[in-house]
Amino acid sequence: MKKESPLFWPAYLKGDILFVLDETLVPKQLKYVKVRNIDEAVAVICEMKTRAFGQFLVVLSTFLLEFNRQPQLNGEELLEKIRNVAHALNHSRPTFPFSEVTSVVVHWAHGALDAGQDVRAIVIKNVNGYLQGIRHRRLDRVAKIAANIKDGDSVLTHCNVSGELAMAAAICREQKKDVQFYCTETRPYFQGAKLTYWELKQMGADVTLVADNAIATLMADKMVNKVIVGSDRNCANGDFANKIGTYQIAVLANEFKVPMLVLTQPSQKIKSGADIPVEIRDESELLQFNGRKVFSSKVKGLYPGFDVVPHHYVRKEIAIDVH
Amino acid sequence: MSTEIKNVTLIYGAFKEDFFTALKKCQVKDIVVLEGRPTLESSRHAVLNLKKIGIIPTIIADNMAGYLFSKGLVKETWLASQAEDKAGAMCEIGALILAVLAKNHQIPVFTYAAEKKRKPLGKPADLQKFNGQSVVTGKIKAFVPLIEWVPAKYLRSLRKNAGRKAISPRLLRRPNELLAIGGANE
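These numbers come from a predicted model, not from an experiment.

Criteria and cut-off values
- Residues numbered from 1 in each chain as written.
- Chains lettered and ligands numbered in written order.
- Predicted model: local features only at pLDDT ≥ 70, side-chain atom pairs only at ≥ 80, totals over all residues.
- Heavy atoms only, no water.
- Pairing = 2+ DSSP bridges.
- Helix = DSSP H or I, 4+ residues; strand = E, 2+ residues; numbered from the N terminus.
- Axes fitted to C-alpha atoms, helices over the stretch in contact; angles between N-to-C directions.
- 1 Å grid on protein atoms, 1.4 Å probe; cavity = no way out; pocket = protein on both sides within 12 Å on 5 of 7 lines; lining within 4 Å.
- Points joined across faces, edges and corners; volume = space filled by probe spheres on them.
- Contact = heavy atoms within 4.5 Å.
- Buried area = accessible area lost by both parts, 1.4 Å probe.
- Salt bridge = Lys/Arg side-chain N within 4 Å of Asp/Glu carboxyl O.
- Nonpolar A, V, L, I, M, F, W, Y, C, P; charged D, E, K, R; others polar.

Colleague: How do you make sense of the sheet that holds strand β2 (residues 17-21) of chain A when you look at a structure like this?
Modeller: Adjacent strands of a sheet pair through backbone hydrogen bonds, lying either parallel or antiparallel. All names here are of chain A. Spatially, the three strands line up as an open sheet ordered β1-β2-β3, and their pairing is antiparallel. Among the strands making up the open sheet, the edge pair consists of β1 (11-14) and β3 (32-35). Direction aside, neighbouring strands of the sheet carry axes that sit 25 degrees apart on average. As paired strands, β2 and β3 are joined by four bridges and run antiparallel to one another. Counted as the bridge partner of V20 is V33 from β3.

Written out as structure tokens, the structure is:
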């Protein structure tokens, strides 16, 4: 693959500092925030400086970061450290299944200690191997996305899928497919306007920005023939959680017979969407923009961060290989 | 934070002032207002008029209505219509989303006259700013419809001539015709 979006792998560890792309500043700046410890890792997640795949990268890298910071800890102390780090990360944002990842790391450390092995060496080796594996699997999925986009397609997307759609668009371009993309603004953080529009443009795609409220007109007038969105959490029955706004896109796609394709990370940990806790974020994030009030009179605000979409709205899952 | 909201009336668009008088008479209290991108004009209009009748509304972004419907929190939806006939109503962009959601959840949708007409199309620059501040810089390609047609099958009641017939509804039912009227949109 010729090009890689900065959003595809938005964090890297160098010594005892984790550099995390501040996605709230893209595209104005490609600035990496320095994360030095677990508290700062939790902060970049909670403040949404990183999101989607970036969060998982931060979660896994934070274990390595804490290892690098404290080379003197013995096996038992490392296990305790890993448990504490896992606990803090698991409780940073409720909708995300961080525990599915952190529990694996705890399991590795526990196993190494029980077997009398070097906990530090085993965990570092496994985390790095895991990350490498994820990288290859995501690149495989990029190819799958491109294969699902046909010549002449007009694709609506929402929020941002961490570089994968943009890189698929680049493949489509190489394959001389004529493809049009529409991306929603994605209030209140504008990830669609700031990230998706920008990275699709960077890849040379034909992309048009629309307000979140323009999606019905796009579908009713057949201006799009496919919807592709990501997912933040997946259930055994195929239900999924994704950025707020995804549910209404799904309902409309069903109404106007536009097939909806979802990028998934298959998981059997939770049965259905009813079991997914939806994070309600602070109303100030909705009622202020860049520190300035949107309404001069007194109002209340409601900001659910995610929608849960029932599986029957999904035409096709483009899954990452988890085996 | 109003996470306990339930049984709300969802209102969308810039309604004539007497709509708010009617809300007061009907003792409607729990009202949710959508932002109404790109200008936010309709939500500001609603907030001011609701304040006059002593109601503090809950604001949601335009992509959050589905959440309320999926949780069973909406009891009725009102759309400001600029023009109506037996076939449907011309409303502010976003109205069709609410109408389809409402149909899907068996929630009634009503129309009431809009306070004023809207032009059919905005400019890409309208999406570059939010609340007067920059969201994205540089030239962008954007499609910015400001009104859309809501077919009668989604609406509970249509009152003939309730909205202002600012522009012929016949011409405005399809976005491609809007594009033809508004010209190129980049």
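There is more to say after this.
Colleague: Got a minute to help me understand empty space enclosed by the protein in this structure?
Modeller: Any empty space left between the atoms is revealed when a probe the size of a water molecule rolls over them. All names here are of chain B. Tallied over the entire structure, the rule returns four cavities of 30 Å³ or more. Here the largest cavity defines a volume of roughly 70 Å³. Together, G13, A14, E41, A80, Q82, C91, E92, A114, K116 and R118 line the largest cavity. Counting residues per element, the ones that place at least two in the lining of the largest cavity are β4 (74-85) and β5 (88-92).

Colleague: What should I look at first to understand the interface of chain B and chain A in this one?
Modeller: When the parts of a complex come together, some accessible area is lost, and that lost area is often taken as the interface size. With 58 residues of chain B at the interface, the matching set in chain A holds 60 residues. Where chain B abuts chain A, roughly 5000 Å² becomes buried across the two surfaces, and 62% of that area is made up of carbon and sulfur atoms. Inspection of the chain B/chain A interface yields four salt bridges. The residue K141 of chain B makes a salt bridge to D206 of chain A at a minimum N-O spacing of 2.7 Å. Looking at the side of chain B that touches chain A element by element, the count peaks at six residues for helix α4 (residues 95-104) of chain B. Looking at the side of chain B that touches chain A residue by residue, the class counts come to 31 nonpolar, 16 polar and eleven charged.

Bear in mind that shape data such as this cannot, by itself, settle questions of function.
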